[in-house]
Amino acid sequence: MGKGKMILKSLLFLLAVALLSGCGTDAGIEELESSAAVLPEQVGQETGAELTETEQNVTLYDRSPVSFDLSALPAMENRMYALWDGKVYFRQYTDESFEKGGLWANFEPIAGAEKELMCMESDGKIVQTGTDHGDGSMFIVDGRIYSQRRQGETYKVYSCGLDGKDVEEYSSSYVLAARDGRIICQTEEGGLSYIDTNIDAETGREHVLVEESVYYLDATEEEIFYYGYQKSNETENEELVLCAVDYEGMVSVLKMFTRQEYMDCMGQDALYEYPMDIPYFKRLGDTLYFSAGSYNGNAHMYSGGPIYSMEKDGSNCRVEALSYGQFFYLYDDGENRILYYDATDIWTTSEDTGIRPINLRGTAQPDIILPPPYRAYDDPYVHGESNAILWYPDTSGVCYVLLTEEESAALSIDAYVDGSRMQAIEDIEYVEGRIFFTVTDLTYNRDSSIGWRDYYDRGRSACYCKDTESGEIRLLYEY
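Notes on the structure in this doc start here.

### Remarks on the pairing of strand β5 (residues 115-120)
Then, in step 1: Among the six residues in β5, five count as buried, and that is most of the element.
Then, in step 2: The sheet contact formed by strand β3 (residues 87-92) and β5 spans five bridges and is antiparallel. Bridging from a neighbouring strand, Val88 pairs with Met120 of β5.
Then, in step 3: By the bridge criterion, six bridges tie β5 to strand β6 (residues 126-132) in an arrangement that is antiparallel. For Cys119, the partnering residue across the bridge sits in β6 and is Val127.
Then, in step 4: Hairpin connection of β5 to β6: five residues between the antiparallel strands, including Gly124 at a positive phi of 95°.

Now the structure itself:
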């Protein structure tokens, strides 16, 4: 790094400290200096030295530690593959299920397209249980499927038996989650509702909790967290609010985030014409962690923002860090809790990963190397260079390799060729010893692209299942 860049980075570091102090964080210079992440270029400096396991992990996957042992994977909140009574249920899509092309390879489902409802039994045998006309997320509660289906330009939530029969339709538009026998939904107006399957499954009656348009974040058995916008009496502007609503409809405003507060943290030019959002939200016990910032420009890119922590009742709210990315990672071993966030900006050199740890509790510094969070760490995704499927399912700091580089190559998976996108690997879900994923071939369509918004034509889709105990990978179906 040149001397001028070192001086510039030092000035930016001091500016970040000043901004943090202004936002109410207790993090001091000593804490930030001691939180410098281990950089990949610091690993394996000795010429001719054999690579350690950590060095190999960094070389292969840009992170460490990684684990190939999938025997202790925690449960995932599934949406495409639903577990019920020891069996896995899913839809079998066809070539007529989706549009032939789409921007960013987002292929819209075709309204009314029929799919087969399939069931994978505990021994791996697959049988058809019926037919279905829904798409997207599906949950099974008390032996009934809850999902949504497209009707023209709108969606309607419905429930049906495991054979697709005995259909009950609701007024809400989308299913969001299932908690303690309640199906949490988004209403047609963008609000929140729920169906209590213990009481209302036969009548179809819904409970509307929030009427105005809001954005769902997470839910527990006691309450739902969401964000929306309210007019502030002080600023007279529509400001971002984080709220919780219980299942009786009692709404609590946990905190209002004003535009001025955001600009005090990120700079007076940080906010343009777009409103603030809460793009990432994590709950650990009774403590909430979330980023709050703005998407700006024609590309609608995230401009950075504070990462907050607060108790779930809204108390003890504080800024833990100022991040240039919307995603972060929380490490917690029961005694120590560390926040890893993206400190990369346009001035950061290519040698610096930009990932910084801040001790929230305890003093331990585990040997963890994280890549920049291009997407949420707790969403399984495909590593661009190796085509392996990686996942951070918990707070242990361990990255699990769901599909290895060798396994991916054996299936002829190559998501990017010479920087061009060639395949989409989606619907990656883990269900009790089985990993499901779908690989779709893509063809770039220059004529249908709109400026920088790339359009792709859809090719063959292949749906796979990997047994985590035996390692066997089987093709379920293709279209």
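After presenting the structure, the write-up continues.
### A closer look at helix α3 (residues 53-61)
Then, in step 1: Taken as a whole, α3 has its buried residues at Glu55, Asn57, Val58 and Tyr61. Along α3, the residues classed as buried sweep out an arc of 165° about the axis, all on the same side. Structural note: α3 exposes Glu53 and Thr59 on the side pointing more than 90 degrees away from its buried face.
Then, in step 2: At its buried positions, α3 is contacted by β1 (66-67), β28 (389-391), β29 (399-403) and α5 (405-410).
Then, in step 3: A positive backbone phi angle near 65° is found at Asp62, which sits one or two residues after α3.

### What to know about the sheet that holds strand β27 (residues 381-382)
Then, in step 1: Strands sit in the order β1-β29-β28-β27 across an open sheet of four strands; the sheet is mixed. Each edge of the sheet is formed by a strand with only one pairing partner; in this case those strands are β1 and β27.
Then, in step 2: Inspection of the sheet shows β1 paired to β29 by two bridges, in the parallel sense. If you follow Val66 over to β29, its bridge partner there is Cys399.

The rules behind the values
Residues numbered from 1 in each chain as written. Predicted model: local features only at pLDDT ≥ 70, side-chain atom pairs only at ≥ 80, totals over all residues. Heavy atoms only, no water. Buried < 20%, exposed > 50% of the residue type's maximum accessible area, 1.4 Å probe, protein only. Helix = DSSP H or I, 4+ residues; strand = E, 2+ residues; numbered from the N terminus. Pairing = 2+ DSSP bridges. Arc of directions from axis to C-beta. Contact = heavy atoms within 4.5 Å.

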